[in-house]
Amino acid sequence: MWPFSSSREKKKKSHLAKKIVVGLVIGGAITSIIGKKLMEKAHEDDEDDGEDENGKK
């Protein structure tokens, strides 16, 4: 039994957890930007139809 193996395994698990968290944060940021752009485009398309808020032309 090597006394240093447990700390090495903890570092690997900790490193993997950090990668997962960073990936989720970056993925969430990218998704929010893309979603915002899509919602703006959909809103612009609705305004281009020429209808007012009541649905009348």
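The structure we're discussing is the one just above.
Residues numbered from 1 in each chain as written. Predicted model: local features only at pLDDT ≥ 70, side-chain atom pairs only at ≥ 80, totals over all residues. Heavy atoms only, no water.

Quick word on the overall build of the protein chain
Line of reasoning, step 1. When you go through the protein chain residue by residue, the secondary structure sums to 1 helix and 0 strands.
Line of reasoning, step 2. Burial analysis of the protein chain (57 residues in total) assigns 0% to the buried set.
Line of reasoning, step 3. Accessible surface, the protein chain as shown: approximately 5,800 Å² in total, 61% of it carbon and sulfur. (Helix = DSSP H or I, 4+ residues; strand = E, 2+ residues; numbered from the N terminus. Buried < 20%, exposed > 50% of the residue type's maximum accessible area, 1.4 Å probe, protein only. Areas by Shrake-Rupley, 256 points an atom, 1.4 Å probe, with all protein chains shown as cover.)

What to know about a negative patch on the surface
Line of reasoning, step 1. A grouping of E40, E44, D45, D46, E47 and D48 is seen on the molecular surface, where their side chains present a negatively charged patch.
Line of reasoning, step 2. With respect to the secondary-structure elements, E44 resides in helix α1 (residues 5–48). (Patch = residues over 30% accessible without salt bridge, like charges linked within 9 Å, V, L, I, M, F, W, Y side chains within 5 Å. Salt bridge = Lys/Arg side-chain N within 4 Å of Asp/Glu carboxyl O. Lys, Arg positive; Asp, Glu negative; His and termini not counted. Charge placed at Lys NZ, Arg CZ, Asp CG, Glu CD.)

Brief notes about a nonpolar patch on the surface
Line of reasoning, step 1. Together, V22, I26, I30, I34 and L38 line one region of the surface with nonpolar side chains, adding up to about 470 Å² of accessible area.
Line of reasoning, step 2. Topologically, V22 is positioned in helix α1.
Line of reasoning, step 3. Judged by its relative accessible area of 47%, V22 is partly exposed.

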